[in-house]
Amino acid sequence: MTDMASDVTPSVSDDTGGRPGTVSRRVLLLVVLAIVLLLPLAPFAAYNYVLQLATVALMWVALASSWNIIGGYASYISLGHNVFFGIGGYTSGLALVYLGFSPFLTALVAGLVALVFGLFVGLITLRAKGPTFIVATIAMLFVVGLLFDNWELVGASSGMSLPLPPFSVDVVKVPFYYAMAASAVGAIFLSHRVAHSKFGLGLRALSQDETKAEVAGINTRWYKVIAVALSAFFIGTAGATWGYSLSYLRPTIFFTIGVAAQMVLSAIIGGRATVAGPVVGALLIVGINEFAIVQFGATELNIVVTGVILLAVLLFFPLGIVGSLREAGRLPAFLDWD
Amino acid sequence: MTEIIQVLVLGLLLGGVYALMASGLTLLFGVMRIVNLAHAAFIIVAAYIAFYAFDLFQIDPLISVLITMPVMFVLGLAVYLPLFPRIESSARYTEMTVLMTFGLALVMEGLLGFFFTGIFRSTRPPYATDAILWADLFIPTGQLLATGVSALLLIGLWLFLRYTRTGTAVRATMQNRTSAQIVGVNVRRISAISFGLGMALAGASGSLLSYLFPFFPAQHWRWVALLLALIVLGGLGSLKGAVIGAVSLAVASAFVTNQLGPDWSPMTFYLALFIILLVRPQGLFGKALRI
Amino acid sequence: MALLEIDDVTAGYGVGPDILTGISLEVNAGRSYCIVGPNGAGKSTLLKVVCGILHPRSGEVRLNGIRVSGLRPDQLLAEGICFVPQEQSLFPEMTVRENLVMGAFLVRDRAVVNERMVRVFELFPLLKDRVSQLAGTLSGGEQQMVVLGRALMVDPKVLMIDEPSLGLAPIVADQIFATIQGFSALGITVILVEQNARRGLESTEWGIVLDLGTKRFEGPAEGILDDPRIRELYLGAALSKGDDE
């Protein structure tokens with residue numbers, strides 16, 4: 001392993017065992033992937049509950065990993081990114097109700113619609129930098145939420161029901177699980193590809209110093225817009241899947257700040273600007289929430305805990321779990337996906 | 001014609017209150033570059049204080065301003081000192097303040113919800129439902145009094161900034177922090193004082209809010225989105241811009257409500273924000289930001 | 001004893017690398033100094049350490065034998081150490097008058113403040129005409145005068161000026177340097193940082209050459225100007241640029 005290799009690749013920590021890191025890491029990841037794929041085939045107790053929890057976890061993995069593309073690599077914090085979640089959900093929902101197409105088929109279309117909307121959103125909100133951008137994303141969320149709240153075609157604030165999926169109760173969770181897993185894997189894959197591309201390098205450059213990046217010839221405006229658009233895709237597909245799984249669409253499911261909060265928090269706790277970070281963070285938050293609900297019931301204290309965790313991470317571990325571990329040179333190989 | 005003036009008057013009265021709310025937010029950004037996503041949460045905390053002052057001790061909301069302002073000033077310091085000076089030297093400071101205040105807002109919302117539940121609250125002083133009829137115009141007394149208090153406080157703020165030594169130091173810090181330092185201003189102390197002051201203004205806003213609008217913990221998001229859009233329009237860090245932005249947007253939204261109904265009035269603020277972003281991203285009175 | 005002692009100071013910004021390494025310097029009362037050197041040598045950083053904006057990572061700064069490194073800028077100002085930064089340092093939305101008054105922020109006695117303002121107007125008669133104008137609307141040279149005038153309002157013992165002629169037309173820069181030379185006559189210890197090494201060294205008594213965070217040479221300003229080796233090694237670009245203008 002020459003010095004040049006370590007200069008070119010983003011910091012890959014050599015784990016202390018001295019094993020050839022890449023090989024065992026690949027094996028571990030394949031094992032994880034296998035578990036994910038085969039989970040529904042295992043006959044365990046509380047089957048529906050576990051599958052549902054896993055589906056939710058995968059959803060947040062998809063959301064956080066996607067958000068990371070603009071919020072992590074480019075460091076443009078969007079607090080309204082769940083617009084795409086709702087756009088995806090409603091697109092597929094409408095296609096189902098009015099055209100009869102199953103969201104399992106139209107999820108990709110929903111993702112595309114979200115992506116196009118992302119271009120549009122990006123072009124407007126990215127006129128601003130820094131805090132103004134963040135404010136613009138919040139406003140965008142509220143505007144879209146408001147529009148859906150008043151749009152009769154989709155039932156306005158009362159929402160609309162979706163036809164139930166054509167599966168028996170015993171196995172109905174399974175297709176949703178796989179659909180969400182597809183979104184999650186897709187989002188992680190996209191995040192990884194972006195991180196290892198010239199595009200991703202450009203995003204990182206502009207996150208450090210936008211002026212210098214401009215001067216170096218990077219069209220920062222387009223880079224950012226495309227980042228927003230890309231990040232929208234799997235958020236849209238996840239939204240399509242989620243809406244269908246609830247058999248009900250309502251603005252408050254998609255367009256509340258709470259959803260944005262969890263997306264952002266997951267990425268930050270796990271470690272922004274890393275591939276594994278948002279995954280770790282998403283799983284952790286879902287786990288903590290579930291634990292809290294089981295122990296204490298669904299109270300407002302959950303929100304308090306979320307806030308406290310965010311503050312603690314920002315003050316003491318701003319790089320997040322994966323980021324801090326990597327900084328300290330103690331990142332286990334199976335978490336180093338960069 | 002009378003209808004137009006009527007709507008205009010209602011808008012102006014509303015604008016007065018928005019201006020007070022936005023002024024605190026602007027002060028925080030102007031002096032310390034803090035984008036306080038929790039500002040409305042603080043306002044609602046103050047509203048609860050006013051509510052219980054009214055409910056338990058029959059203290060009139062307008063009088064409660066004398067309570068909420070100092071209480072929120074102290075609360076502000078208690079929140080500011082352990083959290084914000086620590087992150088002052090971080091690379092992406094303003095972004096950090098956004099995330100931190102976001103977390104703060106979540107904590108406050110959760111605590112408020114836990115202790116007070118999500119029931120809509122409102123204080124009900126007699127003037128809340130009164131109105132003055134003057135030359136065919138219907139002027140709600142509650143709003144009028146609120147705008148009066150607002151105006152008094154804003155004038156007080158202006159006098160403080162213009163004529164007192166500390167106020168001048170605050171202005172200097174807002175205009176050029178490093179220069180203020182080298183001229184002998186203790187910018188750390190000024191920052192803390194400004195934060196407390198911003199919170200005191202939020203406190204007064206809360207007292208007014210308590211009878212003007214029904215409130216509940218999760219409502220702060222709606223307010224903060226509005227206020228942020230407003231100060232971006234006015235120009236971040238410009239008090240003049242905040243006041244003008246508040247009044248003009250309130251009037252505009254009054255007309256929107258009049259024509260399309262109350263559901264659409266928040267849209268005015270957001271649309272105005274997007275328009276300003278396209279036309280003049282630094283806002284009406286802001287300087288071009290170098291972030 | 002020297003007025004100001006900079007003792008083996010190492011400093012940098014945030015978590016970044018050391019900009020200054022092991023700098024030691026002695027500044028004597030009433031003299032004028034010019035720090036020169038290539039870009040990135042750490043000249044501005046040195047001034048920032050002395051005035052308290054930046055704290056040294058190791059080493060100390062002493063004023064009259066007493067350690068002052070680690071104090072806040074406003075505390076150091078109270079001791080008479082005044083810094084005029086490179087970046088725009090006016091209060092743009094305040095008038096010239098208000099800017100000058102801000103200069104004497106630490107002075108409570110109105111009479112003293114007015115006295116000093118009179119003195120500043122004597123040195124900079126142009127400012128008297130612009131007293132009520134918003135400082136942000138003045139020309140570059142006028143703004144620099146306000147900044148220097150404001151510095152005088154403190155009645156400084158040590159006046160540190162970072163790039164006084166930056167962005168100014170040569171004629172205006174000449175005026176500024178002449179004014180700075182006048183400060184020495186008032187008994188103020190002056191430390192300049194100048195990219196335009198020639199002008200800087202011509203206006204001061206003692207020169208210090210910094211490069212890559214260390215002190216390479218110090219000696220009488222004239223000597224540095226005349227020494228061809230130093231010119232070539234450290235000041236080549238700066239000097240020839242000055243000559244062309």
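Residues numbered from 1 in each chain as written. Chains lettered and ligands numbered in written order. Predicted model: local features only at pLDDT ≥ 70, side-chain atom pairs only at ≥ 80, totals over all residues.

Student: Looking at this model, I keep getting lost on the overall build of chain C. Mind explaining?
Tutor: Within chain C, the regular secondary structure consists of 10 helices and 10 strands. For chain C, whose C-alpha radius of gyration is 18 Å, the value lies close to the compact-globule estimate of 18 Å for 245 residues. Viewed in the frame of its principal axes, chain C has a C-alpha envelope of about 50 × 45 × 35 Å. Considering chain C as a whole, with its 245 residues, one finds that 47% of them fall into the buried category. (Helix = DSSP H or I, 4+ residues; strand = E, 2+ residues; numbered from the N terminus. Rg over C-alpha atoms; globule rule 2.2 N^0.38 Å. Buried ≥ 20, exposed ≤ 12 C-beta atoms within 10 Å, placed from the backbone.)

Student: Just checking my understanding: could you explain the overall build of chain A for this structure?
Tutor: Looking only at helices and strands, chain A features 15 helices and 2 strands. On C-alpha atoms alone, chain A measures out to a radius of gyration of 20 Å, which is about the 20 Å that the 2.2 N^0.38 rule sets for 338 residues. On the principal axes, the C-alpha backbone points of chain A span a range of 60 × 50 × 40 Å. Scored against the burial criterion, the 338 residues of chain A give a buried share of 50%.

Student: Just to check I follow, could you spell out the environment of Val 193 of chain C for this structure?
Tutor: Residues and elements named next belong to chain C. With respect to the element layout, Val 193 can be found in strand S8 (residues 189–193). In this structure Val 193 comes out as buried when scored by C-beta crowding, with 27 C-beta atoms within 10 Å. Considering only alpha carbons, one finds Val 193 and Val 36, 157 residues apart in sequence, at a separation of 6.2 Å.

Student: For this particular structure, what's the right way to read the interface of chain B and chain A?
Tutor: It is common to give the size of an interface as the accessible area lost on bringing the parts into contact. Taken together, the contact pairs 36 residues of chain B with 32 residues of chain A. Mapped by element, the contributors of at least two residues to the side of chain B that touches chain A are helix H4 (93–116), helix H9 (220–234) and helix H11 (265–279) of chain B. Ranked by residue count, the leading element in the side of chain B that touches chain A is H4 of chain B, at 16 residues. Looking at side-chain class alone, the side of chain B that touches chain A contains 27 nonpolar, 4 polar and 5 charged residues. (Contact = placed C-beta atoms within 7 Å. Nonpolar A, V, L, I, M, F, W, Y, C, P; charged D, E, K, R; others polar.)

Student: Looking at this structure, I do not really get the sheet that holds strand S4 (residues 58–63) of chain C. What am I missing?
Tutor: Each strand in a sheet pairs with its neighbour through backbone hydrogen bonds, running either in the same direction (parallel) or in the opposite one (antiparallel). Residue and element names in this part refer to chain C. In space, the 4 strands of this open sheet follow the order S2-S1-S4-S5, with antiparallel pairing throughout. The two strands at the open ends of the sheet, each matched to only one other strand, are strand S2 (18–27) and strand S5 (66–67). As paired strands, strand S1 (residues 4–12) and S2 are joined by 6 bridges and run antiparallel to one another. Of the residues in S2, the one forming a bridge with Ala 11 is Leu 20. (Pairing = 2+ DSSP bridges.)

Student: Is there a simple way to explain the nonpolar core in this structure?
Tutor: The tendency in soluble globular proteins is for nonpolar side chains to be buried side by side. Counting residues in each nonpolar core, the largest one holds 287 residues, and the members touching the most others are Ala 139 of chain A, Leu 227, Ala 229, Leu 230 and Leu 273 of chain B together with Met 160 of chain C. Met 160 of chain C has contacts with Leu 47, Val 50, Cys 51, Cys 82, Phe 83, Val 84 and Ile 191 of chain C, leaving out every residue within four places of it along the chain. (Core = buried A, V, L, I, M, F, W, Y, C linked by C-beta atoms within 7 Å.)

Student: Where do I start with the interface of chain C and chain B in this structure?
Tutor: Taken together, the contacts link 20 residues of chain C with 12 residues of chain B. Per-element tally for the side of chain C that touches chain B: the top contributor is helix H2 (residues 73–78) of chain C, with 4 residues.

Student: Would you explain the pairing of strand S1 (residues 131–134) of chain B in this entry?
Tutor: Side-chain positions along a regular strand alternate between the two faces of the sheet. Residues and elements named next belong to chain B. Summarising the sheet, S1 and strand S2 (residues 137–140) pair through 4 bridges and their orientation is antiparallel. Along S2, the bridge assignment pairs Ile 132 with Ile 139. The antiparallel pairing of S1 with S2 creates a hairpin that spans 2 residues between the two strands, and Ala 135 there sits at a positive phi of about 50°.

Student: What is the right way to look at the sheet that holds S8 of chain C in this model?
Tutor: Residue and element names in this part refer to chain C. Overall, mixed pairing links the 6 strands, which are arranged S6-S7-S8-S3-S9-S10 in an open sheet. What marks the edges here is a single partner per strand, and that holds for strand S6 (81–84) and strand S10 (214–220). Averaged over neighbouring strand pairs, the angle between their axes works out to 15° when direction is ignored. Across the sheet, helix H1 (residues 43–51) is in contact with strand S3 (32–36), S6, strand S7 (158–162), S8 and strand S9 (206–211); its angle to S7 comes to roughly 150°. (Axes fitted to C-alpha atoms, helices over the stretch in contact; angles between N-to-C directions.)

Student: In this structure, what is going on with the confidence of the model for chain A? I would like to understand it.
Tutor: Atom-level detail of predicted coordinates should not be read off regions where pLDDT is low. All names here are of chain A. Looking at chain A as a whole, the pLDDT averages 86, with 92% of positions reaching at least 70. The secondary structure element of chain A with the lowest average pLDDT is helix H1 (residues 3–8), at 40, and the one with the highest is helix H10 (residues 220–246), at 95. Here residues 1–20 scores under 50 on pLDDT; set against residues more than four positions off or in separate chains, the count is 13 contacts. (pLDDT = per-residue confidence, 0-100.)

Student: How should unusual backbone geometry be read in this particular structure?
Tutor: For residues other than glycine, phi is negative in most cases, and the peptide bonds are mostly trans. Residue and element names in this part refer to chain C. Of note in the backbone geometry, Asp 8 takes a positive phi value of approximately 50° without being a glycine. Non-glycine residue Asn 64 carries a positive phi angle of around 50°. As for its placement among the helices and strands, Asn 64 is situated in the loop between S4 and S5. Residue Asn 64 is classed as partly exposed on the basis of its C-beta count, with 14 C-beta atoms lying within 10 Å.

Student: Hey, could you run me through the packing of helix H8 (residues 198–208) of chain A against H10 of chain A in this one?
Tutor: The description of two helices packed together rests on the angle between their axes and the distance between the axes. Residue and element names in this part refer to chain A. One can describe the packing of H8 onto H10 by two numbers: an axis separation of 10 Å at closest approach and a directional angle of 110°. In terms of orientation, H8 lies roughly perpendicular with respect to H10. In this structure, H8 crosses over H10, and the sense of that crossing is left-handed. Contacts from Phe 199, Gly 202, Leu 203 and Leu 206 of H8 reach H10 at Thr 220, Tyr 223 and Ala 227. Along the lines of polarity and charge, the residues of the contact of H8 with H10 split into 5 nonpolar, 2 polar and no charged. (Parallel < 35°, antiparallel > 145°, perpendicular 65-115°, else oblique. Left-handed = near helix turned anticlockwise from the far one by under 90°.)

Student: Got a minute to help me understand the environment of Ala 221 of chain C in this structure?
Tutor: Residue and element names in this part refer to chain C. Here Ala 221 shows up in helix H9 (residues 221–226). On the basis of neighbour counts, which here come to 22 C-beta atoms within 10 Å, the residue Ala 221 falls in the buried class. Through-space distance from the C-alpha of Ala 221 to that of Ile 35 is 9.8 Å; in sequence the pair is 186 residues apart.

Student: Is there a simple way to explain the environment of Gly 155 of chain A in this structure?
Tutor: Tracing the sequence through the fold places Gly 155 of chain A in the loop between helix H6 (130–149) and strand S1 (160–161). For the pair Gly 155 of chain A and Ala 184 of chain A, spaced 29 residues apart in the sequence, the C-alpha separation amounts to 29 Å.

Student: Would you take a moment to explain helix H10 (residues 239–260) of chain B for this structure?
Tutor: At 3.6 residues per turn, the α-helix brings residues three or four places apart onto the same side. If you check H10 of chain B, its first and last C-alpha atoms are 31 Å apart, about what 22 residues at 1.5 Å a residue would give, namely 32 Å. Among the residues trailing H10 of chain B, Gly 261 of chain B stands out with phi positive, at a value near 100°. (Expected span 1.5 Å × (residues − 1).)

Student: What's the story with the confidence of the model for chain C in this structure? I'm lost.
Tutor: Residue and element names in this part refer to chain C. Taken over all residues, the pLDDT of chain C has a mean of 85, while the share at 70 or more is 95%. The model gives residues 240–245 a pLDDT under 50, and that stretch makes 6 contacts with residues more than four places away or in other chains. Two numbers describe this predicted complex: its pTM, 0.85, and its ipTM, 0.88.

Student: Would you explain the pairing of S3 of chain C in this entry?
Tutor: Residue and element names in this part refer to chain C. With respect to burial, S3 is a largely interior element, 5 of its 5 residues being buried. By the alternation rule, side chains of S3 split into Ser 32, Cys 34 and Val 36 and Tyr 33 and Ile 35, which are all buried. Where S3 meets S8, 4 bridges bridge the pair, whose relative direction is parallel. When the bridges of S8 are listed, Ser 32 appears paired with Val 190.

Student: Even after reading the chapter, I still don't get H10 of chain A, so can you show me in this structure?
Tutor: All names here are of chain A. Between its first and last C-alpha atoms H10 spans 39 Å; for 27 residues at 1.5 Å apiece the expected length is 39 Å, and the two agree. Most of H10 sits out of view: 23 of its 27 residues are buried. Just downstream of H10 lies Ser 247, where phi reads positive at about 60°.

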